[in-house]
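Chain by chain, the residues run as shown.
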Amino acid sequence: MFGKKFNKMELPEGYTITYHAGFMGTEPNTTESLEKAIEMGAKIVEMDVTFRNDGTPVIVHADSAGDKGGVLFDEAMKAVAKSEGIMVNLDIKSVQNLPAVDETVKKYGMMDRVFYTGVWEKWVETVKTTSEIPYYLNYNVKKSDVKNPADVIALADKLISLGACGLNSNFAFANRRLVEIMHKKGIPVSLWTCNTKRTMKKALKTYPDNITSKEPKVLEDLIRYSK
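Please read all numbers here as calculations on a predicted model, not as lab measurements.

Asker: Can you walk me through the packing of helix H1 (residues 31–39) against helix H2 (residues 73–80) in this structure?
Answerer: Between two packed helices, the angle of one axis relative to the other and the distance separating the axes together describe the packing. H2 packs onto H1 with a crossing angle of 15° between their chain directions and a minimal axis gap of 9 Å. As judged from the angle between their axes, H1 and H2 are roughly parallel. When you trace H1 past H2, the crossing you get is right-handed. Between H1 and H2, the residues in contact are Thr 31, Leu 34, Glu 35 and Ile 38 and Glu 75, Ala 76, Ala 79 and Val 80, respectively. Here the contact of H1 with H2 is built from residues that sort into five nonpolar, one polar and two charged.

Below is the structure:
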């Protein structure tokens, strides 16, 4: 299927697939969708986290949830806590009240099974000073970023200096060199969002630690039936 350009044996040990919010046509950011992911054996599930005007954390794909929008984050964490092993990617859309996120995660004993994505450099200081949850730095890799190995090394060093636990990037211009250098620096790489076989194949050829997809079963099959 991939010929000699992809060998699943070269994927990093413990590689994972994240079930994107709204995977396989489910209603995104609902407890029903989260429960479906658990039922299907997801290792990681994504939920979009933001806040109502009063600071209440909710899950919805929006910068703000107004007065009553979104599903309560408490309900979402209660749903995923039913699974003993599932990890949760908290894709934050706001940093308005991160201590409330920590409080809820601790309530359900999930602190060792959650991490943030959606964290751009402008939010790093707020995340580091108001939350105990580890974070992947969001960075939109561009073609120019991966031409020179020195630039990739500089990016890796930047992630380390910022205290990020990994790199979360679009798949478009990520390449094998980027991932290899990040791995040499001890930095895991997660790529988003691959929803077609073409984009999945492109991402897989970089051998990342994680791929986020709305079609996780298609991605699982591509890996399973490759050489």
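Asker: Got a minute to help me understand the layout of surface pockets in this structure?
Answerer: It is the rolling of a water-molecule-sized probe over the atoms that shows where space remains empty. Within this model, the largest pocket holds a volume of roughly 240 Å³. Around the largest pocket sit 17 residues that line it, and Glu 46, Asp 91, Lys 93, Asn 138 and Trp 192 are the ones nearest its centre. Where the lining of the largest pocket is concerned, the elements lending two or more residues are strand S2 (44–51), strand S5 (87–92) and strand S6 (114–119). The dominant element in the lining of the largest pocket, judged by the number of residues it contributes, is S5, at three residues. Among the residues making up the lining of the largest pocket, the classes are represented as four nonpolar, nine polar and four charged. By volume, the second largest pocket amounts to about 160 Å³. Contributing to the lining of the second largest pocket are Tyr 15, Thr 16, Ile 17, Tyr 19, Met 40, Gly 41, Ala 42, Lys 43, Lys 217 and Glu 220. For the lining of the second largest pocket, the secondary-structure elements that each account for two or more residues are strand S1 (16–19) and helix H8 (216–224). By residue number, the principal contributor to the lining of the second largest pocket is S1, which donates three residues. For the lining of the second largest pocket, the residue count by class is five nonpolar, two polar and three charged.

Cut-offs and rules
Residues numbered from 1 in each chain as written. Predicted model: local features only at pLDDT ≥ 70, side-chain atom pairs only at ≥ 80, totals over all residues. Heavy atoms only, no water. Axes fitted to C-alpha atoms, helices over the stretch in contact; angles between N-to-C directions. Helix = DSSP H or I, 4+ residues; strand = E, 2+ residues; numbered from the N terminus. Parallel < 35°, antiparallel > 145°, perpendicular 65-115°, else oblique. Left-handed = near helix turned anticlockwise from the far one by under 90°. Contact = heavy atoms within 4.5 Å. Nonpolar A, V, L, I, M, F, W, Y, C, P; charged D, E, K, R; others polar. 1 Å grid on protein atoms, 1.4 Å probe; cavity = no way out; pocket = protein on both sides within 12 Å on 5 of 7 lines; lining within 4 Å. Points joined across faces, edges and corners; volume = space filled by probe spheres on them.

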